[in-house]
Amino acid sequence: MLRPYQKAFLKGLANPISQRYLLGKEEPDASFIDELDKALEAKELIKVGLLQTASIEAKDLAKDLEKTLGAEVVQIIGRVIVLYRRSKKHPKIVIPVRKEDKKK
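As a starting point, this report considers the structure included with it. Counting restarts for each chain: residues are numbered from 1 in the order of the written sequence. At least 70 in pLDDT is required for a residue's local features to be given in this predicted model, at least 80 for side-chain atom pairs to be given and counted, and no such filter applies to totals for whole chains, interfaces and linings, which use all residues. Each side-chain value is worked out from all heavy atoms of the structure, with water and hydrogens disregarded.

### A look at the packing of helix H2 (residues 30-43) against helix H3 (residues 58-69)
Quick reminder of the rule: Axis definition: a line fit to C-alpha positions, over the contact stretch in the case of helices; interaxial angles, taken between N-to-C directions, run 0 to 180 degrees. For helices the rule is a DSSP run of H or I covering at least 4 residues; for strands it is a run of E covering at least 2, with both sets numbered from the N terminus onward. Throughout this description, any angle smaller than 35 degrees is read as roughly parallel, any larger than 145 degrees as roughly antiparallel, any in the 65 to 115 degree range as roughly perpendicular, and the remainder as oblique. It is the rotation of the near helix from the far one that decides the hand of a crossing: anticlockwise by less than a right angle makes it left-handed, clockwise makes it right-handed. Only heavy atoms matter for contacts: two residues are in contact if any of them lie within 4.5 Å across the pair. Gly falls in the polar group here, along with every residue not listed as nonpolar (Ala, Val, Leu, Ile, Met, Phe, Trp, Tyr, Cys, Pro) or charged (Asp, Glu, Lys, Arg).
The N-to-C vectors of H2 and H3 enclose an angle of 70 degrees; their axes lie 11 Å apart at closest approach. If you check the angle between H2 and H3, you find them roughly perpendicular. Viewed along their axes, H2 and H3 form a crossing whose handedness is right-handed. Contacts between H2 and H3 involve Ile 33, Leu 36, Asp 37 and Leu 40 on the former and, on the latter, Leu 65, Thr 68 and Leu 69. Along the lines of polarity and charge, the residues of the contact of H2 with H3 split into five nonpolar, one polar and one charged.

If you want it as structure tokens, here you go:
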């Protein structure tokens, strides 16, 4: 579970990301989920966009993706979801940890 200051850090990293994985009017299928899974493993931080024709709301999709992918939602802005999941093989992003968090 990410702390608020860690989410703020990731939001800053996500801001310049322009590449989005877009979902249209269909529900997310296995190939779309697989593509997101591979992208999270490679990049750790991605943006998922919903087109205007999407039949699902961003909050609902975010909850589904969290469960399915084991990722954390960093933020939702309109129809864009920012997801983070630490890479199992090659972690790239070093998330800050405060001293008081280390004690727990």
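From this point, the narrative continues.
### Observations concerning the sheet that holds strand S1 (residues 20-23)
To keep things clear, this is the line we draw: Here the rule is simple: two strands pair whenever DSSP picks up at least two bridges between them.
Taking strand neighbours across the sheet as the criterion, the four strands line up as S1-S2-S4-S3 in an open arrangement whose pairing is mixed. Each edge of the open sheet is held by one strand with a lone partner, namely S1 and strand S3 (72-77). Sheet twist, expressed as the average angle between the axes of neighbouring strands with direction ignored, equals 25 degrees. Alignment of S3 against strand S4 (residues 80-84), held across five bridges, turns out to be antiparallel. Paired with Ile 77 across the bridge in S4 is Val 80. Relative to S3, H3 is tilted by about 165 degrees, and along the sheet it contacts S1, strand S2 (45-50), S3 and S4.

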